[in-house]
Amino acid sequence: MTLMAPSSASAAASGSWTYVSQQECTFNKAETNRSSTERAVAFGKAQVQAWKSAASGNCRQVNQRPAGFLMASADLYKWNDQLRGWQLCRTSGRVTNSAAASQLEATVRLTADAMPCGNGWYGTVAGGWQFSAANRAWVGGTVWSGSQLFTADPQPDAPAPPAWSGADGIIARA
C-alpha cells in the first residue's frame, strides 16, 4: 500500500507575513505535500521565519533569535464530507528552537501504515511566532496551506512508453 497524491497535483502551500512592526517581522509558511524522497509519506509542515525591520520599515534582515524565542506548530486537517467541514487529524503541538536560529519548522507526518483519518483532502494550519522583547509577547500568527488529496489505496505505476517511442519521447518514423 502506498500513500499517493495525484501525480498532476503540486503541493498545497502558502506563506504570509503574520506580524510586521518597526522592530521585527514574522513570516509563516504552510505546506501540505507528499515527500519527494519517501514515496509513502505525506506531511503537513509549518515554517516560521524571524526578520528585522530596516529603517525603511521593510522586513529584509534575518533576525537570529536565542533558544526558546521561536515557536511553531503544524495542525493537519482533513475534510469531512458528512459534516461539510475541516476536522483536526494530527498536530505537532508547539515546538520551540533549542538553539539560536532565525527559522524553525514543525512537521506532522502520515504514512500508509499510520493514516488515522483515512483517504481524502488534507490541509495544514501553520502557526509561527517569535518572542518580542519590545512587546514582551509572542508575535506572529497562522496561515492555511490550501488542500491536497491523499489516498492510501494502491495506485498503479505509470505504464512504460510504447516501444516505438524513443527514450527522449520522440517517435521515430521510417
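Structure's up top.
Just so it is clear, the model here is predicted, and its values are computed rather than measured. (Residues numbered from 1 in each chain as written. Predicted model: local features only at pLDDT ≥ 70, side-chain atom pairs only at ≥ 80, totals over all residues. Heavy atoms only, no water.)

**What about a nonpolar patch on the surface?**
Which entries qualify depends on this criterion: Candidate patch residues must exceed 30% relative accessible area and have no salt bridge, after which like charges are joined if within 9 Å and Val, Leu, Ile, Met, Phe, Trp or Tyr side chains if within 5 Å. Computed with the Shrake-Rupley method and a 1.4 Å probe, the accessible areas treat only the protein chains shown as cover for residues. We count a salt bridge whenever a side-chain nitrogen from Lys or Arg sits within 4 Å of a carboxyl oxygen from Asp or Glu. The helix and strand labels rest on DSSP assignments: H or I over at least four residues marks a helix, E over at least two residues marks a strand, and numbering proceeds from the N terminus.
Together, Trp-86, Trp-121 and Trp-144 line one region of the surface with nonpolar side chains, adding up to about 310 Å² of accessible area. Here Trp-121 lies in strand β9 (residues 120–132).

**Description of unusual backbone geometry**
The residue Arg-84 is not glycine, and still its phi comes out positive at about 55°. Structurally, the position occupied by Arg-84 is in the loop between β5 (70–80) and β6 (85–91). Even without being a glycine, Arg-136 presents a positive backbone phi close to 55°. Summarising the element assignment, Arg-136 is placed in the loop between β9 and β10 (137–150).

**A few points about the environment of Trp-144**
As a reminder of what qualifies: It only takes one pair of heavy atoms within 4.5 Å for two residues to be counted as in contact.
Relative to the elements of secondary structure, Trp-144 occurs in strand β10. Along the primary structure Trp-144 and Lys-29 are separated by 115 residues, whereas in three dimensions their C-alpha atoms are 8.4 Å apart. If we ignore the near neighbours within four places in the chain, the residues touching Trp-144 are Ser-14, Ala-30, Tyr-77, Trp-86, Gly-123, Thr-124 and Val-125.

**Observations concerning the side chain of Asn-33**
We apply this condition: Burial classification: accessible surface area is computed with a 1.4 Å probe over protein chains only, and a residue below 20% of its type maximum counts as buried, one above 50% as exposed, and the rest as partly exposed. Polar contact is defined as a pair of N or O atoms within 3.5 Å, subject to the rule that within protein one atom must be able to donate a hydrogen and the other to accept it, and that residues adjacent in sequence are counted only when both atoms are side-chain atoms.
Mapped onto the secondary structure, Asn-33 falls in strand β2 (residues 24–34). Judged by its relative accessible area of 17%, Asn-33 falls in the buried class. Within the structure, Asn-33 has its side chain in polar contact with the side chain of Glu-31 (distance 3.3 Å). In this structure Asn-33 touches Ala-11, Ala-42, Phe-43, Gln-148 and Phe-150, once residues within four positions along its chain are discounted.

**Some points on the packing of aromatic side chains**
Note the threshold: A pair of aromatic rings is counted whenever rings of Phe, Tyr or Trp (Trp by its six-membered ring) have centres within 6.5 Å, and the orientation is called stacked for planes under 30 degrees apart, edge-to-face for over 60 and tilted otherwise. Distance and angle both matter: a charge sits over a ring if NZ of Lys or CZ of Arg is within 6 Å of the ring centre and within 35 degrees of the ring normal.
Evaluation of the coordinates by the stated rule reveals 7 aromatic pairs. Both rings, one in Trp-86 and one in Trp-144, keep their centres 5.0 Å apart while their planes meet at 70°; by these two values the pair is edge-to-face. In this pair, Trp-86 is assigned in strand β6 and Trp-144 in strand β10, connecting sequence segments 58 residues apart. Relative accessible area serves as the criterion here: at 34%, Trp-144 is assigned to the partly exposed category. Here a set of aromatic residues connected by ring pairs shows up, and it is made of Trp-17, Phe-27 and Trp-51. Over the ring of Trp-129 we find Arg-94; its NZ or CZ atom is 4.5 Å from the centre of that ring.

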